[in-house]
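# A closer look at the structure
Below, each chain spelled out in residue letters.
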Amino acid sequence: FRNLSPVHGSIEYLSSDVFSVGIMQGPLDPDKDAWNLFADLCTQYLDDTRGQAPEKLEPATGWTTPTALPPATPLPSLEIALDHATDLGVTTAEFHQALASHSEEPDLHPEPFTGLYQRSLYQSLRAQVRQELAAIRRLAGSAPDHVQDDLRKVLAGERTLLAELDHIRVGPIGGQRIRIHGNYRLDELRLIEDSFYVLDLSGDHTRAMSERRLKASPLRDVAEMLRSFDYVSLAAAGDHEGETALDHATYWYRCIGERFVSAYQGATSGFPAVPTSLDHIEALLAGFELTKALREVHWELVNRSDWIPIALPGVLRRIH
């Protein structure tokens, strides 16, 4: 996999084994940030559709069933974004296949997605949901007044949110656990000469190193990128003055997300780390998205109160 920031050397600690404690990488142009790329394209799409009725969406049942078919002649701003989403889906697939390819290296060797791990994942995700809701409950009182009603809906929807994880218990999911990126967001990528490049593999720095090294389904990275698309669309809508901006941004997000997942699926056909059942793919994506969305609400409550309205829809959509 060549789409990485170039590595020029490392600092190693030698004992009974060899440990890399530092890596020197070459820089990638910060002006080519993938977040800014998609943010600009979404903003352009909102400008192009200002005053128009938003395209219709079918009820969302997952990412593998289209709900937002692009128009026969999509606007250039949407068409360009869809092309980039396709490229990103393929690049993500190649990235995961590379991570799973070093079978001789114990730290990178793929492991089966066993029934025991499936039950462990289910319990772990349930615990994460409860922990994040408990944190949101503690912090909700200090949030701005205009988000209080939505925060109450999130807290009252605990049973519904937990029930969404039940699909992970159904049948043997299969697939494999591999080393993944673990913090796969648009701002972790750069577009260099029409190709997406990954900045580094250090993962989520808010998590312990031991946790970042754990193997997981590659669909966790896919789910995190879907959350990033949601964020960028809602941020663009929040900066836009059009009355229908939010509806248009929601349509844009579904189009881009569905294209990204479709391209990823096509490029991972036959890849043993990805489950073969669409139902199991949907179950894992939903579980990973849910826990990520709750974590985002928690983080925004602590760090950026003005971004709480951007984080909340990722949870509110799941409460019926």
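The coordinates are above.
Procedures and definitions
Residues numbered from 1 in each chain as written. Predicted model: local features only at pLDDT ≥ 70, side-chain atom pairs only at ≥ 80, totals over all residues. Heavy atoms only, no water. Helix = DSSP H or I, 4+ residues; strand = E, 2+ residues; numbered from the N terminus. Contact = heavy atoms within 4.5 Å. Pairing = 2+ DSSP bridges. Phe/Tyr/Trp six-rings, centres within 6.5 Å; stacked < 30°, edge-to-face > 60°. Buried < 20%, exposed > 50% of the residue type's maximum accessible area, 1.4 Å probe, protein only. Axes fitted to C-alpha atoms, helices over the stretch in contact; angles between N-to-C directions. Parallel < 35°, antiparallel > 145°, perpendicular 65-115°, else oblique. Left-handed = near helix turned anticlockwise from the far one by under 90°. Nonpolar A, V, L, I, M, F, W, Y, C, P; charged D, E, K, R; others polar. 1 Å grid on protein atoms, 1.4 Å probe; cavity = no way out; pocket = protein on both sides within 12 Å on 5 of 7 lines; lining within 4 Å. Points joined across faces, edges and corners; volume = space filled by probe spheres on them.

On the secondary structure map, Ser 217 appears in the loop between helix H6 (209-212) and helix H7 (219-238). Aside from chain neighbours lying at most four places away, what touches Ser 217 is Phe 113, Gln 176, Arg 177, Ile 180, Leu 284 and Phe 288.

So, about the pairing of strand S5 (residues 189-192). As paired strands, S5 and strand S6 (residues 195-198) are joined by 4 bridges and run antiparallel to one another. The partner of Ile 192 across the bridge, within S6, is Ser 195.

The next subject is the packing of aromatic side chains. The geometry of an aromatic ring pair comes down to the distance between the two centres and the angle between the two planes. Considering all chains together, one arrives at 10 aromatic pairs under this definition. Each ring, one from Phe 38 and one from Phe 196, has its centre 6.4 Å from the other, and the planes form 15 degrees; the classification is stacked. Taken together, the residues Phe 38 in helix H1 (residues 34-48) and Phe 196 in strand S6 connect sequence positions 158 residues apart. Each of the two residues, Phe 38 as well as Phe 196, counts as buried. Ring geometry for Phe 95 versus Tyr 184: centroids 6.0 Å apart, planes at 20 degrees, classification stacked. Here Phe 95 is found in helix H2 (residues 76-99), whereas its partner Tyr 184 is found in the loop between strand S4 (176-177) and S5, with 89 residues between them in sequence. Classification of Tyr 184 as buried rests on a relative accessible area of 0%.

To continue, consider the packing of H7 against helix H8 (residues 245-267). H8 packs onto H7 with a crossing angle of 155 degrees between their chain directions and a minimal axis gap of 9 Å. When the interaxial angle is binned, H7 and H8 end up roughly antiparallel. The hand of the H7/H8 crossing is right-handed. Across the interface between the two elements, Leu 219, Val 222, Met 225, Leu 226, Arg 227, Phe 229, Asp 230, Val 232, Ser 233, Leu 234 and Ala 237 from H7 touch Ala 245, Leu 246, Ala 249, Trp 252, Tyr 253, Ile 256, Gly 257, Phe 260, Val 261 and Tyr 264 from H8. A breakdown of the residues in the contact of H7 with H8 according to their chemical character gives 17 nonpolar, 2 polar and 2 charged.

One number sums up the size of the largest pocket: a volume of about 1400 Å³. Around the largest pocket sit 31 residues that line it, and Ser 20, Ile 23, Arg 179, Leu 201 and Arg 213 are the ones nearest its centre. The greatest single-element share of the lining of the largest pocket, amounting to 7 residues, is contributed by strand S2 (residues 18-25). Tallied by class, residues from the lining of the largest pocket come to 15 nonpolar, 10 polar and 6 charged. Forming the boundary of the second largest pocket are 38 residues, of which Ala 60, Glu 164, Arg 254, Arg 317 and Arg 318 lie nearest the centre. Going through the elements one at a time, helix H5 (158-163), H7, H8, helix H9 (278-303), helix H10 (308-311) and helix H11 (313-316) are the ones with two or more residues in the lining of the second largest pocket. Its residues assigned to classes, the lining of the second largest pocket shows 17 nonpolar, 12 polar and 9 charged.

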